[in-house]
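Chain by chain, the residues run as shown.
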Amino acid sequence: MSPDIGDEAVEIWFGPQHVSAHGWAAKLTVVGDYIVECDPHAGYFHRSAEKVLEFRTFKQGGLVLERMCMLEAFLAEYPYISAVEQIAGMEIPERAKVLRTIMMEASRIHSLQFWWGQLSAELGLFAMTLWPWVDREFFLDTFEELTGSRHAASFSTPGGIRYDFTDKVRQKLLRAIGRLESNLPKFKDMLLRSPTFKMRTKDVGLFNAEDGIKWGLSGPNIKSCGIPMDLRKDWPDPNLAYDLADWEVPVYENPEHPGQSDAYDRMVQRFMEIETSVSIIKQLLDQIPDGPIVDPKARAKANRLPAGEAYGRVEGTRGITTVWLKTQDKAQTPWRAKIRGPCFASYYSLKHMVPGSTFADFVVVFGSLDPYPGWWDR
Amino acid sequence: MSDISPSDFAGSLIRSYPTVTIESKSGQSLMISVTPSMIRDVVQFIADNLPMALPESVFGVDLEDDNYELIYIFWSHPARLLCQIRVQLKGETPSIPTVSDIFPGLEWHERETHEMFGIEFEGHPDLRPLLLPDELVGKYPLRKRFKTDRSRLAESGLPIVKPRPRPKKEEGSGK
Amino acid sequence: MKGGVLLQIDIFGWLNGILGWVSGVLSWVLGIVDAVLAFVWSVIIWVWDLAWANFFLLFKAIVFPGLVFILMLIIFDVWFTRKVWARVQDRRGPFHLGKYGGLQLFADAIKLVAKETIIPEGAKRWMFRFLPGFLLVVVLLPFVFIPWSSTWIIADLSVSLVLVFAFLTAVPVIALLTGWVSGSKYTLIGGFRAANNQFAAEIPLIVSSAGPALLAGSLSILNISQAQSQLWYVLILPISFVTFLVSGIASIGLVPLDAPVADSEVIFGWRTELPGIYFTMTYFAEFAKQVLYSALMVAFFFGGSYGVPTFPPVLNFFLKFLVVLFFFIVVTSSFYRIRQDQIVKYSWKYLMPLSVINIVIALIALVYVPGLAGLLVQGG
């Protein structure tokens, strides 16, 4: 606590045993109902993934990355695999590229569905929590049909993917998407036009785009300020198939405060993200080429990599997700793997974003950034 | 916002700071090597000249024998440019000026690098440990000399159990 | 043998003496027992006479509209809330124990009561033990005045309306005290929020119940409900009904206005530290208030026990009570929680003027709409 705050201030620990603080804690200094200082604490979820990665082979590394964020497992493992593929100089089969992209987008949708249910729970409406989670089950069923696992499926592997699409998977995915599409307008109406939701989220957690970028925010949090910063377009990846689909970067800019973003804008932005992902999946489902899903020769290259450095990046659900990989010659394990989780920045930026808001709004500000403790603790 | 091409940016950086070496990996990526004393100037240059520079991360790499490399990564969306600034450091606990006042988002990255590699960031506002539990503070676990095998069991205070000797294979039963 | 005294014992005499002694002791004891039994018997006779004389009152107080019935109703309310919430949320709710999960609540209650009582170190021990039970008692007392029909009411007072709100005013005080004596920052915040909620909701609540009282010309809840034989007050006081419902929700602290126990913000508000049995009491108190407000709404706005003429009056009241309770629960299951300052703002800026305006409109309508005044029955 800064000494100049005065005697009225009270320090309150928000977490780590708080109901809505699962795996994190923030020390709030409160004067009356207003927060004047926020000191987020990390480390309750720390699993030393970067050290662990130094002892795992390149084929095993993706599994560690998946466990950083189980909700977007298909996306989370990709930067590591991308880095490995860059160092080895692998070309992966066309079919694998398209299937990878489809599953990454499906993973993004179900992660966003989970997030918006969680935010609704924090705002006290459990109906809006469980309705999207029912839809989410259909995506999880698809993953289960495809890989046998509902969350961490270890789908991508250096050199391709491990599980092939069957007709049944395709039907299940189409069913999940159909259900989502029929329900989404209803949910949008119920959320974005709900007066109580507007009362809680409008002008809450407001920040400028410039500040947000200086804090390191990325993904939907920055896109909701009106900046189309999206690695899917900006950072063309030869091993993904985003260029096969025709889509625009979803950007929402609220005319009430251009260049700024509040919790409501982030909600709208994430709905647009879902719609974009749905359109990408639907286009790519028609363009799946025939062929092998993995190139065994390329995959064998991942056993021993040459010396090199690579920077694997992907636009995750929550923002820019990267892995920086350095290998030594004929290495079986990485020399150094640095994971950059997108939520590291969003969690840090609470320190600047929260002071001035009320105690009750803290969970809304936090929840609207789509945080996941695994990404900052790693 | 002004669009700036990677070569323009690299050119103006070279003109301002002739001692910097720049290597272009691909059309979108620059590798900038600087000395520790110049890091603040270069980062300030990036903050001023690279539009919407997003501080992606700062991290250390242990090159063994008290050699460390520090890598700063910035991404500019309007210029579609990725800048990696690399700094070579040497010493038991090397130190470097902080840049967390220029890019607040790097404050926690520096904090993490400090606790993981023991690199001092001069002028950093808050170098408390971030992720590590109390037992590991000051041990710098991401250094290569931090062993994770059984040799460190004694530190943990747990009872040391010796690994059970493997049973010898009986002849003829291996099939 | 000289010089010695031969001690002679009259052994038979001695034995006879023992018998006499024993029978004496026995008769003494029997006398005492007899006297005690006679006293107890006279007490029993006296109580029996008293009870027989007041049998109907006792039955009402203990069994039918009284304690047992109300507790069953609360348990039903908890079950009903869970079922309706589950339906709204696309779930099934409790369904394992008993028919339609009807025994789930008894199982839950047994589990909660059997839990270890843990009193936090910073708590004031005796107040911490005393307040939850006190809260339950205070909340159960107003049920005395609920007119299930003109006969099935435990007691009627000419000022029972005032008395009900007097009892309910004590609830946030107890909540604040509980939060305070629990010795935690979160419970203290929750306690202040509970007090703040009542501060916001109480005036609209009382003002909107003033409309029925004015129309019936009485402060007795029985008279207000009996005065609606011709016309349900909800027809001329619809806005008052809505303001009563909303401020009732705020006063109880149910979901859209549940800042005192908002689990994502202040864990469980002033109830955070309460262990097993004490938590059960406060939990029951919350649902008892929900039942109470639903019954009050039926009595104030929906014609009390009037309804289908062929039904018994109690059944009429109960059916309407169920409908109002259902409406109550659906309302609480479909909104986002609003903030503390917004509750106060909306209660004072909108609810209070609205409830006053409806009374004014009703009075004007009584004067200018022909035939309307004739429908009102003046009570008390």
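Residues numbered from 1 in each chain as written. Chains lettered and ligands numbered in written order. Predicted model: local features only at pLDDT ≥ 70, side-chain atom pairs only at ≥ 80, totals over all residues.

K.L.:
Where do I start with the overall build of chain B in this structure?
P.N.:
When you go through chain B residue by residue, the secondary structure sums to four helices and seven strands. When its helices and strands are written in sequence order, chain B yields α-β-β-α-β-β-β-β-α-β-α. C-alpha atoms of chain B, sized along the principal axes, occupy 75 × 45 × 25 Å. The proportion of buried residues among the 175 residues of chain B is 34%. Taking all contacts inside chain B whose residues are at least 6 apart in sequence as the whole, residues at least 24 apart take part in 54%. (Helix = DSSP H or I, 4+ residues; strand = E, 2+ residues; numbered from the N terminus. Buried ≥ 20, exposed ≤ 12 C-beta atoms within 10 Å, placed from the backbone. Contact = placed C-beta atoms within 7 Å.)

K.L.:
I tried to follow the overall build of chain C on my own but got confused; where do I start?
P.N.:
Helix and strand counts for chain C stand at 14 helices and zero strands. The linear arrangement of helices and strands in chain C, starting from the amino end, is α-α-α-α-α-α-α-α-α-α-α-α-α-α. Over its C-alpha atoms chain C spans a radius of gyration of 30 Å, topping by over 25% the 21 Å that the globule rule assigns to 380 residues. Taken along its principal axes, the extent of the C-alpha atoms in chain C is 125 × 55 × 40 Å. Expressed as a percentage of the 380 residues in chain C, the buried residues total 43%. (Rg over C-alpha atoms; globule rule 2.2 N^0.38 Å.)

K.L.:
Is there a simple way to think about the pairing of strand S2 (residues 29-34) of chain B in this case?
P.N.:
Along a regular strand, successive side chains alternate from one face of the sheet to the other. Burial along S2(B) is one-sided: B:Leu30, B:Ile32 and B:Val34 are buried, while B:Ser29, B:Met31 and B:Ser33, pointing the other way, are not. Counted along the chain from strand S1 (residues 21-26) of chain B to the antiparallel partner S2(B), the turn is two residues long. (Pairing = 2+ DSSP bridges.)

K.L.:
I would appreciate a short explanation of the environment of A:Tyr44 in the present structure.
P.N.:
Residues and elements named next belong to chain A. Relative to the assigned elements, Tyr44 resides in the loop between strand S3 (34-41) and helix H1 (49-53). C-beta crowding within 10 Å serves as the criterion here: with 16 such atoms nearby, Tyr44 is assigned to the partly exposed category. Ignoring sequence-local partners within four residues, the contact set of Tyr44 consists of Pro16, Gly23, Trp24, Ala25 and Asp377.

K.L.:
Help me understand the domain arrangement of chain C, please; the structure alone is not making it clear to me.
P.N.:
Accessible area lost during the coming together of the parts is what is often quoted as the interface size. The assigned domain composition of chain C is domain 1 (12-53) and domain 2 (72-85 + 113-375). Taking only C-alpha atoms, the centre of domain 1 of chain C and the centre of domain 2 of chain C are 55 Å apart. (Domains from an automatic or database assignment.)

K.L.:
Help me out: how do you make sense of the interface of chain A and chain B in this one?
P.N.:
The partner chain B presents 20 residues to the 26 residues of chain A that form the contact. Within the residue set of the side of chain A that touches chain B, elements represented by two or more residues are H1, helix H9 (209-215), strand S9 (320-327), strand S10 (336-340) and helix H14 (342-353) of chain A. Residues belonging to the side of chain A that touches chain B are distributed by class as follows: ten nonpolar, seven polar and nine charged. (Nonpolar A, V, L, I, M, F, W, Y, C, P; charged D, E, K, R; others polar.)

K.L.:
Looking at this model, I keep getting lost on the nonpolar core. Mind explaining?
P.N.:
Across soluble globular proteins, nonpolar side chains show a tendency to be buried alongside one another. A:Val84, A:Phe362, A:Val365, B:Phe74, B:Cys83 and C:Met297 are the most contacted members of the largest nonpolar core, which has 250 residues in total. Looking at this core, the element that brings in the most residues is helix H11 (residues 276-301) of chain C, giving 16 residues. Not counting chain neighbours up to four residues away, the residues in contact with B:Phe74 comprise B:Ile46, B:Leu50, B:Ala53, B:Leu54, B:Pro55, B:Glu56 and B:Cys83. (Core = buried A, V, L, I, M, F, W, Y, C linked by C-beta atoms within 7 Å.)

K.L.:
Sorry, what's going on with the sheet that holds S10(A) here?
P.N.:
The strands making up a sheet are joined through hydrogen bonds of the backbone, oriented either antiparallel or parallel. Residues and elements named next belong to chain A. Taken together, the three strands give an open sheet; going across it, the order is S8-S9-S10, and neighbouring strands pair in antiparallel fashion. Strands at the two margins of the open sheet, each flanked by one partner only, are strand S8 (308-315) and S10. The sheet shows a mean angle of 10° between the axes of neighbouring strands, taken without regard to direction. Of the strand pairs in this sheet, S8 and S9 are connected by eight bridges, and their pairing is antiparallel. Counterpart to Glu315 in the pairing with S9 is Ile320. (Axes fitted to C-alpha atoms, helices over the stretch in contact; angles between N-to-C directions.)

K.L.:
Got a minute to help me understand the packing of helix H3 (residues 67-88) of chain C against helix H12 (residues 313-332) of chain C in this structure?
P.N.:
In helix packing, the relevant descriptors are the interaxial angle and the interaxial distance, both defined with respect to the helix axes. All names here are of chain C. Running from N to C, H3 and H12 point in directions that differ by 50°, and their axes come no closer than 10 Å. What the angle tells us is that H3 and H12 run oblique. For the pair H3 and H12, the crossing hand works out as right-handed. Facing H3, whose interface residues are Asp77, Phe80, Thr81, Val84 and Val88, H12 presents Leu325, Phe326, Ile329 and Val330. Tallied by class, residues from the contact of H3 with H12 come to seven nonpolar, one polar and one charged. (Parallel < 35°, antiparallel > 145°, perpendicular 65-115°, else oblique. Left-handed = near helix turned anticlockwise from the far one by under 90°.)

K.L.:
Is there a simple way to think about the pairing of S3(A) in this case?
P.N.:
All names here are of chain A. Examined bridge by bridge, strand S2 (residues 25-31) and S3 share seven bridges and lie antiparallel to one another. Pairing of Val31 across the sheet is with Tyr34, part of S3. Where S2 folds back onto S3 in an antiparallel hairpin, the turn is made up of two residues, including Gly32, whose phi is positive at roughly 65°.

K.L.:
What exactly am I supposed to notice about helix H7 (residues 167-192) of chain A here?
P.N.:
Owing to its 3.6 residues per turn, the α-helix brings residues three or four apart onto one side. Residues and elements named next belong to chain A. Between its first and last C-alpha, H7 extends 36 Å over 26 residues, near the 38 Å set by a 1.5 Å rise per residue. Among all positions of H7, only Val169, Leu173, Ala176, Ile177, Leu180 and Leu191 are buried. Buried positions along H7 lie against helix H5 (94-122), helix H6 (127-147), helix H8 (195-201) and helix H12 (263-285). (Expected span 1.5 Å × (residues − 1).)

K.L.:
I tried to follow the sheet that holds strand S1 (residues 10-14) of chain A on my own but got confused; where do I start?
P.N.:
Residues and elements named next belong to chain A. Judged by pairing direction, the sheet is antiparallel, and its three strands sit side by side in the order S1-S2-S3 without closing on themselves. Looking at strand neighbours, the two that pair on one side only are S1 and S3, the edges of this open sheet. Ignoring which end each strand starts from, the neighbouring axes of this sheet average 20° apart. Lying on the sheet, H14 is in contact with S2 and S3; it crosses S3 at an angle near 155°.

K.L.:
How should the arrangement of the chains be read in this particular structure?
P.N.:
In this assembly, two pairs of chains are in contact, and the pair contributing the most contacts is chains A and C. Note that chain B does not reach chain C: the shortest distance linking a C-alpha of one to a C-alpha of the other is 25 Å.

K.L.:
Looking at this model, I keep getting lost on the interface of chain A and chain C. Mind explaining?
P.N.:
At the junction of the two partners, chain A supplies 25 residues and chain C supplies 23 residues. Within the residue set of the side of chain A that touches chain C, elements represented by two or more residues are S1, H5, H6 and H8 of chain A. A breakdown of the residues in the side of chain A that touches chain C according to their chemical character gives 16 nonpolar, six polar and three charged.

K.L.:
So what exactly am I meant to see when it comes to helix H1 (residues 6-16) of chain B here?
P.N.:
Residues and elements named next belong to chain B. Inspection of H1 places Pro6, Phe9 and Leu13 among the buried residues, and these make up the whole buried set. For H1, the angular spread of buried residues about the axis comes to 70°, placing them on one side. H1 presents Ser7, Gly11 and Arg15 as exposed residues on the side facing more than 90 degrees away from its buried surface. On its buried face, H1 is in contact with S1, S2, helix H2 (39-49) and strand S5 (81-90). (Arc of directions from axis to C-beta.)

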